[in-house]
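# Summary of the model geometry
If you want the building blocks of each chain, they are given just below.
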Amino acid sequence: MNKRVYIKKIKELAQQDKRRRLDSRYLKVMGFLVAKGFLYINKKNHLNPNGHINLKDAIWAGRFVEPRILEVLPAAYERFKRHFSGDAETVEKLEQIIDRIKQKSDHKTEFYGISIEKIRPWFFIRLRDGRSKSLDERKVSKTFRFKPETVDILKKLKDQTGQSETAILENLISRNALFDLA
Amino acid sequence: MKNLIKKIFTELNQVIELENLKRLKDGTLTIPKSEVLIFGQMSLMVNDSVATILNLAQTGDMDAKLRMDYFAKKKLMDLLEANGLVYDEDSHLTWIPGKAKEVELFRFKNIEVKLIDAESTLVSKAIYAPQKNKLLIRQAIAIDKFPDLVDRIIENNGKLDFFLEDNSE
């Protein structure tokens, strides 16, 4: 096939690509991911920060229009689960990726051809809303059983300093940890 | 994106300026002028000549060659993070084709920011990341604005066949 024929065929396919970029599934997913700060685009698109995304549509848009959607989709799903719905198989695939990233697993895995190394950074970025916390900023729930006198001291410290009990404990632990390290 | 990048480098320039004033006062060595060469998708996003003719999307990834001292690099990383962006530490692995040109983006007192020209960025993508950029390359070829793009892809052993693959639904 000569160069001219290649270019002619590529131009035909580019017309089909143009139609796909106007597909409502693509526009809706991009509107959400751009509004949240996972992706940036150079053309105006209706922002959709409160939209509900069907995972099947997001995966279609990632596979047939913009592969970068697949790079950020696991992080977007992890941080905004209530905005997504999908079949059990897709949710399981996403949960597997999320678990591996949380466990800092070296296990080679991919999500629709995108390697975990390409997916990981987007779990830790600062988003536009400033409210949703990245994986490394999020607090972890823990339960401890204290002696009653320790609880009394903690309450007194809370009243005296105006800090939360969690903040008091975190400060004490980080101060001790610094001494231990020194 | 261009405004965001301008904001980041304006702030970095100011931080370096203040640090240099402090160092001059202390009689210590000042920070030399920094150079940044942006490539990859961000170089297309901030390039006015292509931003209107191509449909571009990008993650918060910045691929760039940085020539700057430790203080400036650390401040740049902090500023990128604060703005939801990430510097790709594998930037040095990006292949830049022969005949690539550097285009000035911003010039500050303490930093010079340049880009790789759009056609060379597209050639690099067509050779090393064709899957991720299939639609972008097809659009770039279709609009006839990059006269040497196809020839340069062929010259660099790129496979035009790949861009004919229609990923049917």
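Rules and cut-offs
Residues numbered from 1 in each chain as written. Chains lettered and ligands numbered in written order. Predicted model: local features only at pLDDT ≥ 70, side-chain atom pairs only at ≥ 80, totals over all residues. Helix = DSSP H or I, 4+ residues; strand = E, 2+ residues; numbered from the N terminus. Contact = placed C-beta atoms within 7 Å. Domains from an automatic or database assignment. Axes fitted to C-alpha atoms, helices over the stretch in contact; angles between N-to-C directions. Left-handed = near helix turned anticlockwise from the far one by under 90°. Nonpolar A, V, L, I, M, F, W, Y, C, P; charged D, E, K, R; others polar. Pairing = 2+ DSSP bridges.

In this structure, B:F163 sits in the segment after α7 (149-155). On a C-alpha basis, the gap between B:F163 and B:K2 in space is 29 Å, while along the polypeptide they are 161 residues apart. Non-local contacts of B:F163, meaning those with residues more than four positions away in its chain, are made with A:I10, B:K134, B:I137 and B:R138.

Along its sequence, chain A is carved into domain 1 (3-123) and domain 2 (148-181). Centre-to-centre separation of domain 1 of chain A and domain 2 of chain A, based on C-alpha positions: 44 Å.

The next point concerns the environment of A:H46. Residue and element names in this part refer to chain A. Take H46: it is sitting in the loop between β1 (40-41) and β2 (53-54). Distance from H46 to M30, taken between C-alpha atoms, is 8.7 Å for residues 16 residues apart in sequence. Apart from the residues lying within four places of it in its own chain, the contact partners of H46 are L27 and G31.

All names here are of chain B. Contact pair helix α1 (residues 2-26) / helix α4 (residues 70-82): the axes reach a minimum separation of 10 Å and the direction vectors enclose 145°. Remark: the crossing between α1 and α4 carries right-handed chirality. Residue-level contacts link I8, E11, L12, V15, I16 and E19 of α1 to F71, A72, K75, L76, L79 and L80 of α4. Each residue belonging to the contact of α1 with α4 can be placed in one class, and the counts come to nine nonpolar, no polar and three charged.

Next up on the list: the sheet that holds strand β3 (residues 61-67) of chain B. By way of backbone hydrogen bonds, the strands of a sheet pair with one another, either parallel or antiparallel. Residue and element names in this part refer to chain B. Sheet architecture is open: five strands sit in the order β4-β3-β1-β6-β5, paired in mixed fashion. Whereas interior strands pair on both sides, the edge strands pair on one side only; in this sheet they are β4 (86-87) and β5 (102-107). Bridge count for strand β1 (residues 34-39) against strand β6 (residues 111-116) is five bridges, and the pairing is parallel. Counterpart to V36 in the pairing with β6 is V113. The strands that α1 touches are β5 and β6; relative to β6, the one it contacts most, it runs at about 150°.

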